[in-house]
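# Notes for the structure review
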Amino acid sequence: MPDAAKPGKQPLNQSHLPITQRRYPDITGTVLGFDFGEKRIGVAVGDTLLKLAHPLLTIDTEENAAKFAQIEALLNEWQPALLIVGLPMSLDGEAHAMTALAQKFAQRLEGRFNLPVMMVDERLSSAEASQSLREAGVRGRAQKTFLDQVAAQTILQSYFDAYHGRA
């Protein structure tokens, strides 16, 4: 019997829930994290065993077909068990224009690639990523190349910390 079908296990298909409420605590394996933006999408990779996220790359195009072609190539290469998308919210927890766009992106990932997708709060992830880059000696305009993928790393690491706990 597959793990997801065992009594007491959470089913993998949670399409009946709003995308912001889905949780997949029993999934193990490779996880890709996304920091969604209209122009750039940061991507990070990690594994539920190690519980460590690493920046991977930045998809830098506004054309949807090109974005999804690059994402498909990443999925083929990394074979993730789960996708994590950052949920942008204002500091007071209210939704704004980017919130809806990120949710739509997450739903498109799920529908197009038939993989479980979970959203996690990404408040201050870009500021944290910028601080990490400054601490690594990357300053000013030089950060642009790395900022989105390091923000994706921050989002993915927050998922590991919150849902898988640090070893």
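It should be noted that the structure appears before, not after, this text.
Heads up: these notes are all about the structure in this document. (Residues numbered from 1 in each chain as written. Predicted model: local features only at pLDDT ≥ 70, side-chain atom pairs only at ≥ 80, totals over all residues. Heavy atoms only, no water.)

Inspection of every chain in the model, using the stated rule, returns 6 aromatic pairs. On the basis of an interplanar angle of 75° and a centroid distance of 5.8 Å, the ring pair of F34 and F105 is categorised as edge-to-face. With a gap of 71 residues between them, F34 in strand β1 (residues 30–35) and F105 in helix α2 (residues 97–113) connect regions that are remote in the sequence. Just as F34 is buried, F105 falls in that class too. Members of the aromatic cluster, connected to one another through ring pairs, are F34, F36, F68, F105 and F113. Here the guanidinium or amino end of R112 rests over the ring plane of F68, the centre of that ring lying 4.2 Å away. (Phe/Tyr/Trp six-rings, centres within 6.5 Å; stacked < 30°, edge-to-face > 60°. Helix = DSSP H or I, 4+ residues; strand = E, 2+ residues; numbered from the N terminus. Buried < 20%, exposed > 50% of the residue type's maximum accessible area, 1.4 Å probe, protein only. Lys NZ or Arg CZ within 6 Å of the ring centre and 35° of its normal.)

Below, the discussion takes up the pairing of strand β4 (residues 82–87). The buried count for β4 comes to 6 of 6 residues, which makes it a mostly enclosed element. Bridge count for β1 against β4 is 4 bridges, and the pairing is parallel. Bridge pairing in β4 links L32 to L83. For β4 and strand β5 (residues 117–121), the ladder comprises 5 bridges, and the chain directions are parallel. Within β5, the position partnered with L83 by the bridge is V117. Note on the crossover from β4 through α2 to β5: the handedness is right-handed. (Pairing = 2+ DSSP bridges. Right-handed = clockwise from strand over helix to strand, strands pointing away.)

By size, the foremost hydrophobic cluster in this structure holds 23 residues, and its most contacted members are L32, F34, I71, L83, V85, F105 and L109. For this core, the secondary-structure elements that each account for two or more residues are β1, β2 (40–47), α1 (64–78), β4, α2 and β5. If you tally residues by element for this core, the top one is α2, at 5 residues. Contacts of V85, omitting those with residues within four sequence positions, involve F34, A102, F105, A106, L109, V117, M118, M119, V120 and I155. By size, the runner-up hydrophobic cluster in this structure holds 14 residues, among which are I27, A53, L82 and I84. (Core = buried A, V, L, I, M, F, W, Y, C linked by side-chain atoms within 4.5 Å. Contact = heavy atoms within 4.5 Å.)

Turning our eyes to something else, we now look at the environment of Q103. Relative to the assigned elements, Q103 resides in helix α2. Classification of Q103 as partly exposed rests on a relative accessible area of 24%. On a C-alpha basis, the gap between Q103 and P88 in space is 9.2 Å, while along the polypeptide they are 15 residues apart. Not counting the four nearest positions on each side in its chain, Q103 is found in contact with I19, T20, L87 and M119.

Below, the discussion takes up the pattern of salt bridges. On inspection of all chains with the given rule, the structure shows 2 salt bridges. The partner of E110 in a salt bridge is R22, and the shortest N-O contact between them spans 2.5 Å. Of this pair, E110 sits in helix α2 while R22 sits in the segment before β1, placing them 88 residues apart in sequence. Of the charged contacts, one joins R40 and D148 as a salt bridge, the two residues approaching to 2.6 Å between their closest N and O atoms. On the criterion of sequence distance, the pair formed by R40 in strand β2 and D148 in helix α4 (residues 144–163) is long-range, its members being 108 residues apart. For R40, a relative accessible area of 25% gives the class partly exposed. (Salt bridge = Lys/Arg side-chain N within 4 Å of Asp/Glu carboxyl O.)

So far we have only geometry, and geometry alone does not tell us how the molecule works.
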